[in-house]
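What the coordinates show
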Amino acid sequence: MYHCMIRSDEETRTSIQYSLTGSGADQPPVNLFTVDRETGLVKIHGVLDREKTPVYYLQGVARFLNGSHAEKDIDLRIVVEDENDNAPVFNLTTGAVYERSARDTFAKTITATDADQQGTLHTKIAYSIAEQHPDNMFYINRETGGIHVMHNKLDREKQDTYTLIIKGTDMNGAANGNTGTGTAVIKILDVNDNIPTLEKNFYECSVEENTRNVQVVRIEVTDEDLIYTENWLAVFTIVSGNEAGYFSIITDDKTNEGILILNKELDYEELKEISMQVSVANKAEYHPSVVVTESKTYTVHVSVINQPEGPRFKPAVKVITISEESSSTTLNKVITNYAAIDSDTLLTAHDVR
């Protein structure tokens, strides 16, 4: 098999011997190309791989029988024509898209490479989705490999990852094209589309009088959004019942529980119970798909526990007025009575010294 012939203009007058030099001839790979010494026919003795060596640069040499050059060496360029002998190759790719995204929302582009000659049908790849797990929620652009949302039903709380098997076929998807497959993993990102709720509608707890800066109750929150994010983190508000400012409520950012704290001392004799209305929301704003018509409230009822207390004076300071004039008639006379009271009953204390 030969691709060309080299001839010298001196061949008609005298005998010429031909040879080749260059890569593939007298340089590695040696003897891939040879030339008939007498006719100048160039022959190939192996299988050429365009993807390894697309062009061989040789020189044809013409010599007289005495070894001298018959003329200047001729450049011989052998171009290896492409055959469609390579399939498209993919790399694993990952992408992400928010849940509740609208149809046609872009998620990720996956592309394949083809070792055949660029700019030809041999490398013109058409993309398609061969499989989707667990549901068919995406489509792919045939030409660009761009993956887009097909249905606006993505819900991270139900499914947070989708695996797509992508098929790429060269020859622009023709039946005789070579096909390769790759995997695209699409992660579903969280939005704040779940309203936090409490496990109970009514909480009953108690606290001792004359104490402060103590934890009264921990309130458990349920929220299906992504844990440890602002979409999940609860924010509590005491809507009513705490006008005197006895209590505050904070959030444990590790457990997402609300912690009701007593800030000021309570007096059982003055206030035996407090009923408060509490609401809960998230630190992050809700997704537009969430419709909140009215914030739900929960009742927290706190009973004050009486503690045994000693007698005390009420008022704590009593002012007594007497005239500076004194006489024997005022000496040893009772000028007032200042009796202690029982702190528990608020009545005059007995057995008190």
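No experiment lies behind these values; they were computed from the predicted model shown.

Here 3 strands make up an open sheet; going across it, the order is S2-S5-S6 and the pairing antiparallel. Every interior strand has two partners, whereas the edge strands, strand S2 (16–22) and strand S6 (74–79), have only one. Between one strand axis and the next, the sheet turns by 30 degrees as a mean value, whatever way the strands run. Across 7 bridges, S2 lies against strand S5 (residues 55–64) in antiparallel orientation.

The strand order S9-S13-S12 describes an open sheet built from 3 strands, whose pairing is antiparallel. Strands at the two margins of the open sheet, each flanked by one partner only, are strand S9 (106–109) and strand S12 (138–140). Each strand axis lies, on average, 25 degrees off the axis of its neighbour in the sheet, ignoring direction. The pairing of S9 with strand S13 (residues 146–149) spans 3 bridges and is antiparallel. Its bridge partner lying in S13, Phe106 is registered against His148.

This next bit is on a nonpolar patch on the surface. Taken together, Leu226, Ile227 and Tyr228 make up a surface patch of nonpolar side chains, about 310 Å² in accessible area. For Leu226, the position within the fold is in the loop between strand S19 (221–222) and strand S20 (234–240). Residue classification places Leu226 among the partly exposed residues on the basis of a relative accessible area of 36%.

One pass over the structure, following the stated rule, counts 4 aromatic pairs. Arranged with centres 5.6 Å apart and planes meeting at 75 degrees, the rings of Phe138 and Tyr162 form a pair that is edge-to-face. With a gap of 24 residues between them, Phe138 in strand S12 and Tyr162 in strand S14 (residues 161–169) connect regions that are remote in the sequence. The same class applies to Phe138 as to Tyr162, namely buried. For the pair Tyr228 and Trp232, a centre-to-centre distance of 5.2 Å together with 70 degrees between the ring planes defines the contact as edge-to-face. Taking relative accessible area as the criterion, Trp232 reaches 8% and is therefore assigned buried. The cationic tip of Lys264 hangs over the ring face of Tyr246; the distance from NZ or CZ to the ring centre is 5.1 Å. If you follow Lys296 out to its NZ or CZ, it ends over the ring of Tyr298, 5.0 Å from the centre.

Glancing now at unusual backbone geometry. Both trends apply: most residues other than glycine have a negative phi, and most peptide bonds are in trans. That bond from Pro28 to Pro29 is cis: its omega, -10 degrees, falls within 30 degrees of zero. In this structure, the amide linkage connecting His133 to the following residue, Pro134, adopts the cis form with an omega of 0 degrees. Assignment of secondary structure puts Pro134 in the loop between strand S11 (126–133) and S12. Positive phi values are uncommon outside glycine, yet Arg100 reaches one of about 65 degrees. Mapped onto the elements of the fold, Arg100 is located in the loop between strand S8 (93–98) and S9. Residue Arg100 is classed as partly exposed on the basis of its relative accessible area, which comes to 41%. At Asp104, a position not held by glycine, the phi torsion is positive, near 80 degrees. Within the secondary structure layout, Asp104 lies in the loop between S8 and S9. When its relative accessible area of 41% is taken as the criterion, Asp104 is described as partly exposed.

Turning our eyes to something else, we now look at the nonpolar core. Grouped together as the largest cluster of nonpolar side chains are 24 residues, with contacts concentrated most on Phe236, Phe247, Leu260, Val300 and Val302. When contributions to this core are tallied by element, the ones reaching two or more residues are strand S17 (202–208), strand S18 (214–219), S20, strand S21 (247–251), strand S22 (258–262), strand S23 (273–282) and strand S24 (297–305). Filtering out sequence-adjacent residues up to four positions away, Leu260 remains in contact with Val214, Gln215, Val216, Val217, Ile238, Phe247, Ser248, Ile249, Met276, Val300 and Val302. Membership of the second largest hydrophobic core comes to 19 residues, among which are Ile125, Tyr127, Phe138 and Ile166.

What counts as what
Residues numbered from 1 in each chain as written. Predicted model: local features only at pLDDT ≥ 70, side-chain atom pairs only at ≥ 80, totals over all residues. Heavy atoms only, no water. Pairing = 2+ DSSP bridges. Helix = DSSP H or I, 4+ residues; strand = E, 2+ residues; numbered from the N terminus. Axes fitted to C-alpha atoms, helices over the stretch in contact; angles between N-to-C directions. Patch = residues over 30% accessible without salt bridge, like charges linked within 9 Å, V, L, I, M, F, W, Y side chains within 5 Å. Areas by Shrake-Rupley, 256 points an atom, 1.4 Å probe, with all protein chains shown as cover. Salt bridge = Lys/Arg side-chain N within 4 Å of Asp/Glu carboxyl O. Buried < 20%, exposed > 50% of the residue type's maximum accessible area, 1.4 Å probe, protein only. Phe/Tyr/Trp six-rings, centres within 6.5 Å; stacked < 30°, edge-to-face > 60°. Lys NZ or Arg CZ within 6 Å of the ring centre and 35° of its normal. Core = buried A, V, L, I, M, F, W, Y, C linked by side-chain atoms within 4.5 Å. Contact = heavy atoms within 4.5 Å.

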